[in-house]
Amino acid sequence: SEGGDIFTFIQKIEGIEFVEALKILAEKAGVALQRDDPKLRSEKDRIYEICEKAAQFFTDSLNNSDNNIILNYLRGRGLKDETIEEWRLGYASDSWDSLLSFLSKKGYRENEIEKAGLAIKGLPAGRQGEKWHDRFRNRLMFPIFDVNGRVVAFSGRTMHDVIPSKTEKADTGKYVNSPETILYNKSRILYGLDRAKNNIRKDDKAILVEGQMDALLPWQ
């Protein structure tokens, strides 16, 4: 007449603590246990926070009335406002340090922002005395989500063809993506999987496309 789960069952039957019960059950299930470093977990939590706040910052920037030209560009590509909102599209302004300044005021250090893949340490061309600057400038921002829907990285499309940039050269790559971080492994993250996973299981099929816009329009 006892209640509980498989862990408390083993604890009571064997007279052991939870950790020992966990080890026994993991071995029987063929699961390899890995000890989690509290310091690393804390660092990951900070990076998650930075990515989430950056996504909010980019979204607010896109919805700023001064950037109607970017919204009109997206609408011209066939995206509805509901889709833009659902996928949390944003805009990185044509500034060297607008995101850095915003996150710094929130209490995040420059090296943390760099670890999140959002800042670059070094002197950008034509700048004097700058040690850090934003990775994404004058770009349409696509947040990249992990399978649980958390923002872990970004992909930025240049808007130079819509808004001539003061901080980016015209021949800069069309897309700039986040580097690999403790949250973002490019070979393990698939854009849109967080929204498609349940239907993939249900229908036992998946449709793969090349880029973010190629995913958004069929989803819409």
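Every value quoted in this text rests on a predicted model; they were computed, and no experiment measured them. (Residues numbered from 1 in each chain as written. Predicted model: local features only at pLDDT ≥ 70, side-chain atom pairs only at ≥ 80, totals over all residues. Heavy atoms only, no water.)

**Some thoughts on the overall build of the protein chain**
Helices and strands together make up the secondary structure of the protein chain, namely 9 helices and 6 strands. Its C-alpha atoms give the protein chain a radius of gyration of 22 Å, clearly above 17 Å, the size a compact globule of 220 residues would have. Across its three principal directions, the C-alpha atoms of the protein chain cover 70 × 45 × 30 Å. For the protein chain, the proportion of its 220 residues judged to be buried stands at 35%. Sequence-distant contacts in the protein chain: of pairs separated by 6 or more residues, those separated by 24 or more amount to 61%. Entry remark: accessible area of the protein chain is about 13,700 Å², with carbon and sulfur atoms responsible for 48%. (Helix = DSSP H or I, 4+ residues; strand = E, 2+ residues; numbered from the N terminus. Rg over C-alpha atoms; globule rule 2.2 N^0.38 Å. Buried < 20%, exposed > 50% of the residue type's maximum accessible area, 1.4 Å probe, protein only. Contact = heavy atoms within 4.5 Å. Areas by Shrake-Rupley, 256 points an atom, 1.4 Å probe, with all protein chains shown as cover.)

**Considering the pairing of strand β4 (residues 139–145)**
Most of β4 is tucked away: 7 of the 7 residues are buried. Where strand β1 (residues 90–92) lies against β4, 3 bridges are found, and the strand directions are antiparallel. The partner of G90 across the bridge, within β4, is M141. Pairing of β4 with strand β5 (residues 151–158) involves 7 bridges; the strand directions are antiparallel. Residue pairing across strands places I144 opposite A153, the latter belonging to β5. Between β4 and β5, which pair antiparallel one after the other, the connecting turn spans 5 residues, and G149 there sits at a positive phi close to 85 degrees. (Pairing = 2+ DSSP bridges.)

**Observations regarding the packing of helix α3 (residues 38–62) against helix α6 (residues 98–105)**
At their nearest, the axes of α3 and α6 sit 11 Å apart, and the two run at 125 degrees to each other. On the basis of their axis angle, the class for α3 and α6 is oblique. Of the two possible hands of crossing, α3 and α6 adopt the one that is right-handed. On α6, the residues that touch I50, K53, A54, F57 and F58 of α3 are S98, L99, F102 and L103. In the contact of α3 with α6, the residues fall into 7 nonpolar, 1 polar and 1 charged. (Axes fitted to C-alpha atoms, helices over the stretch in contact; angles between N-to-C directions. Parallel < 35°, antiparallel > 145°, perpendicular 65-115°, else oblique. Left-handed = near helix turned anticlockwise from the far one by under 90°. Nonpolar A, V, L, I, M, F, W, Y, C, P; charged D, E, K, R; others polar.)

**So, the pattern of salt bridges**
Applying the stated criterion to the full structure yields 11 salt bridges. R46 is the salt-bridge partner of E112, the closest N and O atoms lying 2.9 Å from each other. Here R46 lies in helix α3 and E112 lies in helix α7 (residues 110–115), a separation of 66 residues in the sequence. In this structure, R157 engages D161 in a salt bridge whose closest nitrogen and oxygen atoms are separated by 3.5 Å. (Salt bridge = Lys/Arg side-chain N within 4 Å of Asp/Glu carboxyl O.)

**Here we look at the environment of D66**
Here D66 lies in the loop between α3 and α4 (68–76). Residue D66 is classed as exposed on the basis of its relative accessible area, which comes to 65%. Along the primary structure D66 and A170 are separated by 104 residues, whereas in three dimensions their C-alpha atoms are 22 Å apart.

**Topic: helix α9 (residues 212–219)**
Listed as buried for α9 are Q212, M213, A215 and L216. Viewed end-on, α9 has its buried residues packed into an arc of 160 degrees, placing them on one side of the element. Buried residues belonging to α9 abut α5 (81–86), β4, β5 and β6 (175–177). (Arc of directions from axis to C-beta.)

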